[in-house]
Amino acid sequence: MSTKRRSSDTRKGKSVKKSKDGEVADLSSDLEDEVIRNGMKESWRKKTSFSHGSLQLDCEPFPHGVVRNFVQNQSFVENLRDELLQLNFHSKSNDLYKFQQSDDLKKRKEHHISHIRSLLFNQFRSWLSEVLGVELETTVDISCAKYEHTDVLLCHDDELEGRRVAFILYLVPPWDLSDGGTLDLYNTDEHYEPVSIVKSLLPCWNTLLFFEVSPVSFHQVSEVLTDEKCRLSLSGWFHGPSLPRPQRYTEPSAPRHTHTLTDESVLFEWVNETYMDPLYQAQVQQEFEDTSEIRLPNFLQEEKYKQVIEALRLAEIQWERRGPPNKRCYTRAQLQNLPSCLKECWDLFSSEAFFLLLSNLTGLSLHALAAGDDESDSEGQEEQNEGQEGQSSTDDGEDKRNNPDGQGLSSTSSTEKKTKGPPVCVGELRRWSHGDYTLLHDSVKREFALDLLLHLGCTGWKAEFGGFTSYIAHDEDEELLTVYPEENSLALVYRDKETLKFVKHVNDNSVQESQQPLTHFYDFSFTYYE
Ligand SMILES: O=C(O)CCC(=O)C(=O)O
Ligand SMILES: [Fe+2]
């Protein structure tokens, strides 16, 4: 931890600064008012709210403050904005965000940028240190962000070593709720997991917002919906001693099941007969072994496919929302009252016959009858693997799959496999609409797995709508594979322990550009473990 010191420029008096070109920059005079400062200080200590002049403090759902008219001089702020807009911006996109970030501002020499940086990390930092009763360090941590139509920063808590207070100075034109781009604050549950948005703050010209970074400081920048305005901001963190962090909550993993007992007839009823041909299967397996992924178009037979599409539109399906928002946001169908056609499709993916088909298509040992597998048959073992615990056995865990290179989709070559037990699967029928996504997070158990995705109702879906599945290498932002929604096309992807996946945020283009009624699509998402 770096040395904590109160810098010599803590000014109690006037802070007027003359720039080279004569432009003067003063922070709000309310920041120099002792009565207001003491009021803020007292409220922060008691975790109550406070409002006076251009300053406001609220402690729900977590402590945050607002300073309106942060810089007194209009023309300074306008020139600062123009200076920032001249910088190079880089498009940033991953599971959590899509926006543009400027070059590093730490050392920029432009007049207005260096001046605001100095005001923030000297004068304002001293004020904040006093109000919070915390020594904030002189560390400069600041960047400029530009959010335009469909840009977003999903639910996160900002926690990173050293960060104590987050700040954002908004440099936006007049902004309405309908423009999106609000800063949304979440409340949290007993596990310190975010639950729902309880406060939304509209960005406002020359307004500075700050909040304490803590285990509960979950927030998001909601998607920008206007295509006429740019949400420009300066943001960063004041560093200081971190608040104590309880251990992050690890959610229990979904129960996994062994296959259900069925005969082959289910395959001949449902699956395009092309994929039932052993010669064709051998070709698919060859390709899969080379690339660890394959797409099988027109997977369901035409008639069955039509029935499934029709059934997906039935009102009787109960769609439940899945959270928490720092991990996922989409709906899935409850199994109890699934229309019979969808239940049958579900049963197909869970069936013994399908485990065998997958073995033949991929070369993985998902069934004892698969060539090269020397395991005993796992018939009759149903629903016995609850979560991760049920899988351990006294077997040696040796790789018995007949995939010759022994690797999944990966940038590395780790070979460790799941402790041996019978092959198992876990699945969901999901619906993806505007605003839905999944995020990478620590609770995902990293292991070898075969992912199956069957996209439905997505004809006309475009890559720029989001909703695609992205596979990336752990700890690197390297994209390994993207699975775009394709109608009635089965995607199989074998991933290793170092490979993670997420579904990209479904954005406003899906609503604006798609032909009605294509505002959502569906997928059967199953994962199989050898
Ligand atoms: O721009 C905002 O309102 C918040 C930005 C933010 O949360 C961040 O950069 O971490
Ligand atoms: Fe943040």
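The model shown is predicted, which means the values in this text are computed figures rather than measured ones.

Turning to the overall build of the protein chain, a few remarks are in order. Along the protein chain, the regular secondary structure elements total 9 helices and 26 strands. Evaluated residue by residue, the protein chain yields a buried proportion of 55% over its 530 residues. A separation of at least 24 residues holds for 80% of the contacts in the protein chain among residues at least 6 apart in sequence. For the protein chain, the exposed surface amounts to about 23200 Å²; the carbon and sulfur share of it is 47%.

For the rest of this paragraph, the subject is the pattern of salt bridges. Scanning all chains against the criterion turns up 29 salt bridges. The salt bridge involving Glu-486 is made with Arg-295; its shortest N-O contact spans 3.6 Å. On the criterion of sequence distance, the pair formed by Glu-486 in the loop between β23 (479–483) and β24 (490–495) and Arg-295 in strand β16 (residues 293–296) is long-range, its members being 191 residues apart. Arg-295 gets classed as partly exposed once you look at its relative accessible area, which sits at 24%. Sharing partners across several salt bridges, the network here consists of Asp-157, Glu-159, Arg-245 and Arg-248.

UniProt's entry tags residues 138–240 with the feature "domain: Fe2OG dioxygenase" (unreviewed entry), counted in the numbering of this structure. Taken end to end, residues 138–240 comprises 0% helix and 50% strand; its first and last C-alpha atoms sit 9 Å apart.

What follows deals with the pairing of strand β15 (residues 231–239). Burial analysis of β15 places 9 of its 9 residues in the buried class, which makes it a mostly covered element. What you see with β15 is no split at all: Arg-231, Ser-233, Ser-235, Trp-237 and His-239 on one side and Leu-232, Leu-234, Gly-236 and Phe-238 on the other are buried throughout. Here strand β8 (residues 142–147) pairs with β15 via 6 bridges, running antiparallel. Within β15, the position partnered with Lys-146 by the bridge is Leu-232. Here strand β10 (residues 163–170) pairs with β15 via 7 bridges, running antiparallel. In the sheet register, Ile-168 faces β15, and the bridge partner there is Ser-235.

Note on placement: Asn-272 falls in the loop between α4 (265–270) and α5 (278–291). There is a polar contact of 2.8 Å between the side chain of Asn-272 and the side chain of Thr-274. Not counting chain neighbours up to four residues away, the residues in contact with Asn-272 comprise Pro-297, Asn-298, Phe-299, Leu-300 and Gln-301.

Below, the discussion takes up the packing of aromatic side chains. Any two aromatic rings considered together are summarised by their centre-to-centre distance and by the angle between their planes. A full pass over the atoms with the stated rule returns 28 aromatic pairs. Measuring from ring centre to ring centre gives 5.4 Å for Phe-124 and Trp-127, while their planes differ by 20°; the resulting arrangement is stacked. Placement of the pair is Phe-124 and Trp-127 together in helix α3 (residues 111–132), with a separation of 3 residues, close to one helical turn. The lysine or arginine in question, Lys-229, covers the ring of Trp-175, its NZ or CZ lying 5.5 Å from the ring centre. When the ring centre of Tyr-529 is taken as origin, the NZ or CZ atom of Arg-256, which lies over that ring, is 3.6 Å away.

Our focus in this paragraph is a negative patch on the surface. On the surface, Asp-475, Glu-476, Asp-477 and Glu-478 cluster together into a patch of negative charge. The class for Asp-475 is exposed, based on a relative accessible area of 71%.

Around ligand 1 sit Leu-153, His-156, Asp-158, Ile-168, Tyr-170, Leu-183, His-219, Val-221, Arg-231 and Trp-237, and those are all the residues in its vicinity. The separation between an oxygen atom of ligand 1 and a polar side-chain atom of His-219 is 2.9 Å. A total of 290 Å² of accessible area belongs to ligand 1 in isolation, and the protein chains cover 90% of it. At the level of secondary structure, the elements contributing two or more residues to the shell around ligand 1 comprise β9 (152–156), β10, β14 (219–221) and β15. A class-by-class count of the residues in the shell around ligand 1 yields 6 nonpolar, 2 polar and 2 charged.

Cut-offs used in this document
- Residues numbered from 1 in each chain as written.
- Chains lettered and ligands numbered in written order.
- Predicted model: local features only at pLDDT ≥ 70, side-chain atom pairs only at ≥ 80, totals over all residues.
- Heavy atoms only, no water.
- Helix = DSSP H or I, 4+ residues; strand = E, 2+ residues; numbered from the N terminus.
- Buried < 20%, exposed > 50% of the residue type's maximum accessible area, 1.4 Å probe, protein only.
- Contact = heavy atoms within 4.5 Å.
- Areas by Shrake-Rupley, 256 points an atom, 1.4 Å probe, with all protein chains shown as cover.
- Salt bridge = Lys/Arg side-chain N within 4 Å of Asp/Glu carboxyl O.
- UniProt positions renumbered as here; feature names shortened; annotations may be inferred.
- Pairing = 2+ DSSP bridges.
- Polar contact = N/O pair within 3.5 Å; in protein donor to acceptor, adjacent residues only side chain to side chain.
- Phe/Tyr/Trp six-rings, centres within 6.5 Å; stacked < 30°, edge-to-face > 60°.
- Lys NZ or Arg CZ within 6 Å of the ring centre and 35° of its normal.
- Patch = residues over 30% accessible without salt bridge, like charges linked within 9 Å, V, L, I, M, F, W, Y side chains within 5 Å.
- Lys, Arg positive; Asp, Glu negative; His and termini not counted.
- Charge placed at Lys NZ, Arg CZ, Asp CG, Glu CD.
- Near = heavy atom within 4 Å.
- Nonpolar A, V, L, I, M, F, W, Y, C, P; charged D, E, K, R; others polar.

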